[in-house]
Amino acid sequence: MIVSTKQETVHLGEISTEELRLVKSAVDFVKWDSESRGGPLVKSLNGRRVWQVTSDDSRVTIFGDECQFEGIYMLSTQFIANCLPLIKLDDNLRLSVVDQQITATSISGTVTMYCGPMTDMFASSSQANTVFAHLPFRSLFRAIDTASDLPDNVSPDALRRNDDPPPTKITIADNQLTCFTDWRSYGCQEVTTSTFASTLSNGSISVCAQTLNRIVNLFGLVGNPEFTIAFDPLTSDFVEFSTAACHIAVRRKLVGSDLLLKQIRETLTGLFQQHTVSDRGAIAAIIDDYPIRICILESELTGKHVVRLTHTVMRDASQTLDLLKEINVCNQQLVYSRAWIENDRVILGVDLDQNDVAKIYEHLKKLASDASKLDGVLEPLGA
Amino acid sequence: MEEKGNISSGATMRRLRRSLRDLGLDQLFASDQIFFDGELFVLPKLSNEAVSRITTRFEKLSEQSTAVPTEPIKQVSTIFESDHQIALNKELAEFHTVPVGYSVAFVKVDQ
């Protein structure tokens, strides 16, 4: 660090074209606008320059060349964009900061802009990944690009109908990485791609197809470096793509049972219904003073989901003939809900198709209403 | 509105019980609030068993201390939330058979 007599100059080192292009790619990927007040952060970590570009849904870390300086600096996205024309005339840029002004210098001249206050917002990954695939950059990006690229023949009507891009499911298993996107809602066909990889453990996770495709189209790397993809299917919020030069974490897209659980929890929370979620994902909610269990089931044949709502009407029940007859009468009289005995409990339940989850609260109310009709009816018969 | 009073003695508790009894269970089912000792009690829909439980709980509290903590509405609310939580935990703890051809789905749980 060189200290001038008047103001302190902090040298951020020499930036190569590849490093600057990666930072620009990260900035374009996160898509900050002038209102968001975001910008790439840069600091020196273990003698190396490290950049970080983050948003709620993604986090990109770029590992630059060797460099030693103190503090963390936030640059503007426009400054990074303005550096690109400058570096075209040279192989390197030198960055220096003086009194909240950052200057990029090449043989052709300089560009100087405001450099934001130092912040301490560097994020580090804390998720425990269990599934890994190692494979070359070109193989990975080819598999992702082909699966996530919007089909050529999509009609404007189909685009209007599908404002939420589909998920691309990434599966790592048995020395293969597979990407799958279902474009049928766009009037197109499903696409599955695969490539060889060195894998550890098996699992799947989904990411928004558009997000994946933007990674492929924005991040260019020199050569064919080895990449690692890592995640945990049950606990990860992000899928992590990393190589020696960069680490890209993108938020997973919840699909299937994960999405159903999220929708159910949001409904109950939105309606201020007291509820608890077990570590296996079963929910118990109080609806009109009746505790109701909500469990997501998956068909072993089709993979489709059913949501089973149950209320325990009676515990410690004896399976007397009178009780069984009364349960039969109840089943004749009830619509949708059905009662049955499980061990020593009388259960009242109803199964919902996964497409009916949006109306789950109506079904919960109906089940609570049916449960109230059985209040005090069965106890004398099964005592 | 009358001056607010705190539940502070066994005698007050007996008055509360008398007041609850005077209201009658039918009325309790229809009404979600009672006015007692200058204080408004907002009650959820109470079953016979629940009314019995709450008065017993208040009796125990009054026996344990000569000055029961103030804000009886909070006490009522806490008792019911606690009872609900016990019921919820019981629902989650019990084993439930799944239909033939189905299994419990693996899900990502954010606690």
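Please refer to the structure placed before this passage.
This structure is a prediction, so every number in the text was calculated from the model and none was measured.

*Asks:* Any details on the overall build of chain B? Residues and values, ideally.
*Replies:* Secondary structure assignment for chain B yields 4 helices and 3 strands. Secondary structure elements in chain B, listed N-terminal to C-terminal, are α-α-β-β-α-α-β. Relative to its full complement of 111 residues, chain B shows a buried share of 12%. The long-range fraction of contacts in chain B, counting pairs at least 24 apart against all pairs at least 6 apart in sequence, stands at 55%.

*Asks:* Please provide a residue-by-residue account of helix H7 (residues 321-333) of chain A, values included.
*Replies:* All names here are of chain A. Compared with the 18 Å implied by 1.5 Å per residue over 13 residues, the 19 Å span of H7 between its first and last C-alpha is a close match. Taken as a whole, H7 has its buried residues at Leu323, Ile327 and Cys330. All buried residues of H7 fall inside an arc of 55° around its axis, so they share one side. Residues Leu321, Asp322, Lys325, Asn328, Val329, Gln332 and Gln333 are exposed on H7 and point more than 90 degrees away from its buried face. Elements in contact with the buried residues of H7: strand E23 (338-342), strand E24 (345-353) and helix H9 (379-382).

*Asks:* Quick one: what's the story with helix H5 (residues 209-218) of chain A, residue by residue and with numbers?
*Replies:* All names here are of chain A. Within H5 the residues assigned to the buried category are Ala209, Leu212, Asn213 and Ile215. Each buried residue of H5 sits inside an arc of 150° when the element is viewed along its axis, so together they form one side. Contacts made by the buried residues of H5 are with helix H1 (17-30), helix H3 (137-148), strand E11 (167-173), strand E12 (176-181), strand E15 (203-208) and strand E18 (246-251).

*Asks:* Which residues make up the interface of chain B and chain A, and what are the values?
*Replies:* Each side of the interface is counted separately: chain B has 21 residues, and chain A has 30 residues. Looking at the side of chain B that touches chain A, the elements that each hand over two or more residues are helix H4 (72-93) and strand E3 (102-104) of chain B. The element contributing the most residues to the side of chain B that touches chain A is H4(B), with 6 residues. Each residue belonging to the side of chain B that touches chain A can be placed in one class, and the counts come to 11 nonpolar, 7 polar and 3 charged.

*Asks:* Residues and numbers for the pairing of strand E21 (residues 290-299) of chain A, please.
*Replies:* Of all 10 residues in E21(A), 9 are buried; the element is thus mostly enclosed. The hairpin turn running from strand E20 (residues 283-287) of chain A into E21(A), its antiparallel successor, is 2 residues long, and Asp288(A) in that turn takes a positive phi close to 50°. Of the pairings in the sheet, the one linking E21(A) to strand E22 (residues 305-314) of chain A comprises 6 bridges and is antiparallel in character. Counted as the bridge partner of Cys295(A) is Arg308(A) from E22(A). Between E21(A) and E22(A), which pair antiparallel in sequence order, lie 5 residues; one of them, Gly303(A), sits at a positive phi of approximately 80°. Judged from the 3 bridges that link them, E21(A) and E3(B) form a sheet pairing that is antiparallel. Among the inter-strand pairings, Ser299(A) is bridged to a residue of E3(B), identified as Tyr102(B).

*Asks:* Account for the sheet that holds strand E10 (residues 131-136) of chain A, naming residues and giving values.
*Replies:* Residues and elements named next belong to chain A. The strand order across the open sheet formed by 9 strands is E6-E3-E4-E5-E18-E17-E16-E10-E14, and the pairing between neighbours is antiparallel. Lying at the two open borders of the sheet, with one neighbouring strand each, are strand E6 (72-74) and strand E14 (198-200). Sheet twist, expressed as the mean angle between neighbouring strand axes with direction ignored, is 15°. Set on the sheet, H1 makes contact with strand E4 (48-54), strand E5 (58-66) and E18; between it and E5 the angle comes to about 170°.

*Asks:* Lay out the sheet that holds E11(A) with the relevant residues and their values.
*Replies:* Residues and elements named next belong to chain A. In space, the 4 strands of this open sheet follow the order E13-E12-E11-E15, with antiparallel pairing throughout. Each edge of the sheet is formed by a strand with only one pairing partner; in this case those strands are strand E13 (191-196) and E15. Within this sheet the neighbouring strands show an average axis-to-axis angle of 20°, counted without direction. Running over the sheet, H3 touches E11, E12 and E13 and is turned about 175° from E13.

Calculation rules
- Residues numbered from 1 in each chain as written.
- Chains lettered and ligands numbered in written order.
- Predicted model: local features only at pLDDT ≥ 70, side-chain atom pairs only at ≥ 80, totals over all residues.
- Helix = DSSP H or I, 4+ residues; strand = E, 2+ residues; numbered from the N terminus.
- Buried ≥ 20, exposed ≤ 12 C-beta atoms within 10 Å, placed from the backbone.
- Contact = placed C-beta atoms within 7 Å.
- Expected span 1.5 Å × (residues − 1).
- Arc of directions from axis to C-beta.
- Nonpolar A, V, L, I, M, F, W, Y, C, P; charged D, E, K, R; others polar.
- Pairing = 2+ DSSP bridges.
- Axes fitted to C-alpha atoms, helices over the stretch in contact; angles between N-to-C directions.

Function cannot be inferred from these measures alone, as they are strictly geometric.
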